[in-house]
There are 2 protein chains.
Amino acid sequence: MTEAVQTRPGGRSARVRAAVHRAVEELAAAGPAETLTIPAVAARAGVHPTTVYRRWGSVGQLLADAATSRFSGNVVVPDTGSLAGDLERWMDDVATDLADPDVLALMRATIGSGPDGGCACAVDRHEQLGAIIEREQARGGKVPELERAVDMLLGPLYYRAIFAGQPASGEWARGLVAALLAG
Amino acid sequence: MTEAVQTRPGGRSARVRAAVHRAVEELAAAGPAETLTIPAVAARAGVHPTTVYRRWGSVGQLLADAATSRFSGNVVVPDTGSLAGDLERWMDDVATDLADPDVLALMRATIGSGPDGGCACAVDRHEQLGAIIEREQARGGKVPELERAVDMLLGPLYYRAIFAGQPASGEWARGLVAALLAG
DNA sequence: AGGCTAACGCAACGATGAGTGCGATAATTT
DNA sequence: AAATTATCGCACTCATCGTTGCGTTAGCCT
């Protein structure tokens, strides 16, 4: 009597999901926020609007899903052997990702869609930074606190991207790492 | 023959403007983003939708206007006599402001409304920080660079508010000031 | 106080987004 | 290979947003 709701993740469903996610990213990058509507997304994805309404329900949930899918696992945690090297490589990757206007547009739209939109964009990065620090700790090295690292690395990076509109250079990012490790 | 477009800022216009701004803040705080529509704002403000359409045009411009109005001049630059004191007081005020859920909701909606939405929320704070540093410089004290101050103070503050969802305590904010002045 | 005109309210229309019932398709299982 | 059923496409309806023309109200100036 188990009412197991079995899902069906292979084949067409996956294709539809990917196409819709791609359409969301493109539309978020293209026009103003009010053009990001479900019929528009469906048309661009080559899918019927009904499908999107049924699978996601609202623009907010659609954006949250697209954002978590986009911001999870597209940056690999490096392993250079030293904490400084790991952090510098990782910051460089994150900064490069944040320099893409399409990524920024998706982030802005996701933030605007609800209270946890911002978290969906950064949780993965938070965990990656924690993993880097944990590994150094396993190596036996002295590590900064995760909170301090978040404040001094992620904070400035995301602030510049969203609130200042400045591009983040690799050199500047390495300076942040140096400041963290010096303190 | 001067075609001076004379505006009429007093009396009713100002009342309407204030009521609409208030309605935007309330609606942004109340429901999801898709409920923040011009007819809804007009109804809550006790104003006819046509008025809002004509004066602001789109939800994006309306949000930008409301945000700049809300985030300008509601924090006074303190003058305690020392740089550390000024920064601590100011950070405390900003942190308190950012702890208000309504303020956060307005910020999120503004960020989601367009590419410069984020700037509209932070430009004033940027200038205030610059003013504090300039005053200390006039006093003859040694001052940090404005960029570094932004990275180490505004960055963590806004990152926590938007991307981490953590409340910012006054103690933690003072720690940021200490770290900046120590470096 | 009276005129001038910017700003607002009202009514109506077209366009489009949101939601629903039903049949068709294709992924998964036996 | 055949059956099962989750998922999708289609046609249709309802609600509401965006816009325009016109009359009215109420700031500002002489």
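Everything numeric here is computed off the predicted structure, so don't read it as measured data.

Enquirer: I'm lost on the overall build of chain A in this one. Help?
Expert: Scanning chain A from terminus to terminus reveals nine helices and zero strands. Secondary structure elements of chain A, listed N to C terminal, follow the sequence α-α-α-α-α-α-α-α-α. A sequence separation of at least 24 residues applies to 65% of the contacts in chain A between residues at least 6 apart. Accessible surface, chain A as shown: approximately 9200 Å² in total, 52% of it carbon and sulfur.

Enquirer: Please clarify how the confidence of the model for chain A should be interpreted in this entry.
Expert: In low-pLDDT regions, the fine details of the predicted coordinates are not to be read closely. When pLDDT is averaged along chain A, the result is 92; 95% of the residues meet or exceed 70. When the criterion is pLDDT under 50, residues 1-5 of chain A qualifies, and its contacts beyond four places in sequence or with other chains add up to zero contacts.

Enquirer: Explain the nonpolar core to me, please; I cannot follow it from the model alone.
Expert: Grouped burial of nonpolar side chains is what soluble globular proteins tend to show. Among the nonpolar cores identified, the biggest contains 107 residues, and Val20(A), Phe163(A), Val20(B), Leu157(B) and Phe163(B) are the most heavily contacted of them. Not counting chain neighbours up to four residues away, the residues in contact with Val20(A) comprise Val41(A), Ala45(A), Val52(A), Trp56(A) and Leu62(A).

Enquirer: Sorry, what's going on with the domain arrangement of chain A here?
Expert: One widely used convention gives an interface's size as the accessible area the parts lose upon coming together. All names here are of chain A. What the domain assignment lists for chain A is domain 1 (12-70) and domain 2 (83-182). Of note, the centres of domain 1 and domain 2, computed from C-alpha atoms alone, are 27 Å apart. Taken together, the contact pairs twelve residues of domain 1 with nine residues of domain 2. For domain 1, the biggest contributors to the area lost against domain 2 are Leu63, Ala67 and Arg70; these three give 49% of the whole.

Enquirer: Would you take a moment to explain the side chain of Gln128(A) for this structure?
Expert: Its location among the elements puts Gln128(A) in helix 7 (residues 117-139). With near-sequence residues (within four places) excluded, Gln128(A) lies in contact with Val75(A), Val77(A) and Trp90(A).

Enquirer: Would you mind showing me how to read the relation of the copies chain B and chain A here?
Expert: What relates the pair of chain copies is a rotation about an axis plus a shift along that axis. For these two chains of identical sequence, chain B goes onto chain A by a turn of 180 degrees and a shift of 0.0 Å along the axis, with RMSD 0.1 Å. Such a turn and shift between the copies fits a two-fold axis. Most of the interface of chain B is mirrored in chain A, where 97% of its interface residues are also at the interface.

Enquirer: Explanation requested: the pattern of salt bridges in the structure shown.
Expert: Two side chains that carry opposite charge are able to pair once their charged atoms sit near each other. Tallying each qualifying case throughout the model produces 24 salt bridges over all chains. When the shortest N-O distance is used, the salt bridge between Glu26(A) and Arg22(A) registers 3.2 Å. Taken together, the positions of Glu26(A) and Arg22(A), both in helix 1 (residues 12-30) and four residues apart, correspond to about one turn of that helix. When the shortest N-O distance is used, the salt bridge between Arg139(B) and Asp86(B) registers 3.2 Å. One end of the pair, Arg139(B), is in helix 7 (residues 117-139); the other, Asp86(B), is in helix 5 (residues 83-98), and 53 residues separate them in sequence. When its relative accessible area of 33% is taken as the criterion, Arg139(B) is described as partly exposed. A network of salt bridges, in which partner residues are shared, links Asp79(A), Asp86(A), Arg135(A), Glu136(A) and Arg139(A).

Enquirer: In this structure, what is going on with the interface of chain B and chain A? I would like to understand it.
Expert: The interface is formed by 33 residues belonging to chain B together with 32 residues belonging to chain A. In total, chain B and chain A occlude about 2600 Å² of area from one another, counting both sides; carbon and sulfur atoms represent 62% of this. On inspection of chain B and its partner chain A, the count reaches four salt bridges. Here Arg160(B) ties to Glu147(A) by a salt bridge, and the two come within 3.2 Å at their closest N and O atoms.

What counts, and where the lines are drawn
Residues numbered from 1 in each chain as written. Chains lettered and ligands numbered in written order. Predicted model: local features only at pLDDT ≥ 70, side-chain atom pairs only at ≥ 80, totals over all residues. Heavy atoms only, no water. Helix = DSSP H or I, 4+ residues; strand = E, 2+ residues; numbered from the N terminus. Contact = heavy atoms within 4.5 Å. Areas by Shrake-Rupley, 256 points an atom, 1.4 Å probe, with all protein chains shown as cover. pLDDT = per-residue confidence, 0-100. Core = buried A, V, L, I, M, F, W, Y, C linked by side-chain atoms within 4.5 Å. Buried < 20%, exposed > 50% of the residue type's maximum accessible area, 1.4 Å probe, protein only. Domains from an automatic or database assignment. Buried area = accessible area lost by both parts, 1.4 Å probe. Least-squares fit on C-alpha atoms with pLDDT ≥ 70 in both. Salt bridge = Lys/Arg side-chain N within 4 Å of Asp/Glu carboxyl O.

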